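# Close look at the chain arrangement
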Amino acid sequence: MMTINSVLPSDNVHATQTRQNLQRLKELTLDLSGWDLTQEQDRVKLYQKKLDDSNLPPLVRGDTVLTDLPKGCTPLAVATVATLPGCRKIWDDKFETSKVYNYYTRYESLFWVKLKAPWPISPRDFAGTSIRDVEPDTVHCSMVSVKDDQIPDTSSTVRGELLVSGWKFYKSGQDDIGITYVNQVNLAGSLPSAFLKKLMIQIPLCAGKVRDYINNYGFVPTTVIHDAEFKGEEFDHDARTYTLELNGNSNGSVETLCSEKMYPNGVKVHLEGDANLTEDTDSHNNPRIYLKNMKGPIKLVIEKKK
């Protein structure tokens, strides 16, 4: 059984703004107070929030429920699908590329992302921080724009601003997981009104796209780390290859849970570095990989068996 921590402390330069935005996301997703239902599409309920300042960009929300879960799927596993770039390339047709500049903690980072736009509209990019608050039955993931010298503006894109953006994943009933996505974005520059109107529908529909990814493919390898320095993780959807890098210590441990739906023939595991590796399966035949007694740089690669 996985055990997980809530928000990890950090003294990075953006920490206060990041945590304030996380708190705002929690308040916005606590209930439906102040949210107006605008329509329902693809089993996603779309809402818009009443704002005191009409000059602000629209604040939109999408709610759906993930049913027929792959066995062993948790809110943390759904959060991993929503946030890993290798998955987002599949479920988000507007995603082009991204880069993490700093990992402040396991669940907090400084990132850059570039989104596609139809001609003749210029692509938008964003510089921001992300953070997760992870509890056994609920996970919040929030993102907010920040200014950082590591991520200057570029001539090929227009720098947008994420006023608030994020996810809530939570156990719903006995066997389901609820998904809520909230977004308020300033895309900057002049944009056609028809394009903006369409976008305000497409953005909250991301909740349904994450749901459909998991229904179609299962969840990606989901890792819980104790007492080790997280250095990064990547996922290649087409190859079904997951890569984890960290700096270990003798007291630390790692548990990675894989989906039997995604890996029906099992997994191949490769380890670079000094650690004790063991494998088993849970009661749903989901592969599990454990690392203990780690020393120094560790690289773990999980691949599908043919």
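What counts and how
- Residues numbered from 1 in each chain as written.
- Predicted model: local features only at pLDDT ≥ 70, side-chain atom pairs only at ≥ 80, totals over all residues.
- Heavy atoms only, no water.
- pLDDT = per-residue confidence, 0-100.
- Contact = heavy atoms within 4.5 Å.
- Phe/Tyr/Trp six-rings, centres within 6.5 Å; stacked < 30°, edge-to-face > 60°.
- Helix = DSSP H or I, 4+ residues; strand = E, 2+ residues; numbered from the N terminus.
- Buried < 20%, exposed > 50% of the residue type's maximum accessible area, 1.4 Å probe, protein only.
- Lys NZ or Arg CZ within 6 Å of the ring centre and 35° of its normal.
- Pairing = 2+ DSSP bridges.

So, on to the confidence of the model for the protein. Within the protein, residue pLDDT values average 94, and 98% of them lie at 70 or more. In the model, residues 1-5 has pLDDT below 50 throughout and makes 13 contacts with residues more than four positions away in sequence or in other chains.

Attention now goes to the packing of aromatic side chains. All told, the structure shown has five aromatic pairs when counted by the stated rule. Aromatic side chains Trp91 and Trp167 sit 5.9 Å apart centroid to centroid with 90° between the ring planes, which places their arrangement in the edge-to-face category. Within this pair, whereas Trp91 is found in helix H3 (residues 85-91), its partner Trp167 is found in strand E9 (residues 161-172), the two being separated by 76 residues in sequence. Accessibility expressed as a relative area gives 7% for Trp91, which makes it buried. What makes Trp167 buried here is its relative accessible area of 3%. Where Trp167 meets Phe169, the ring centres are 5.5 Å apart and the plane angle is 15°; that geometry is what we call stacked. These aromatic residues form a ring-pair network of at least three members: Trp91, Trp167, Phe169 and Tyr181. Above the face of the Tyr47 ring, Arg61 is positioned so that its terminal group lies 5.8 Å from the ring centre. Note that Lys99 overlies the ring of Tyr101, its terminal NZ or CZ placed 4.6 Å from the centroid.

Within strand E3 (residues 60-66), six of the seven residues are buried, which leaves it mostly tucked inside the rest of the structure. The sheet contact formed by strand E2 (residues 44-49) and E3 spans four bridges and is antiparallel. By the bridge assignment for E3, Lys45 is matched with Asp63.

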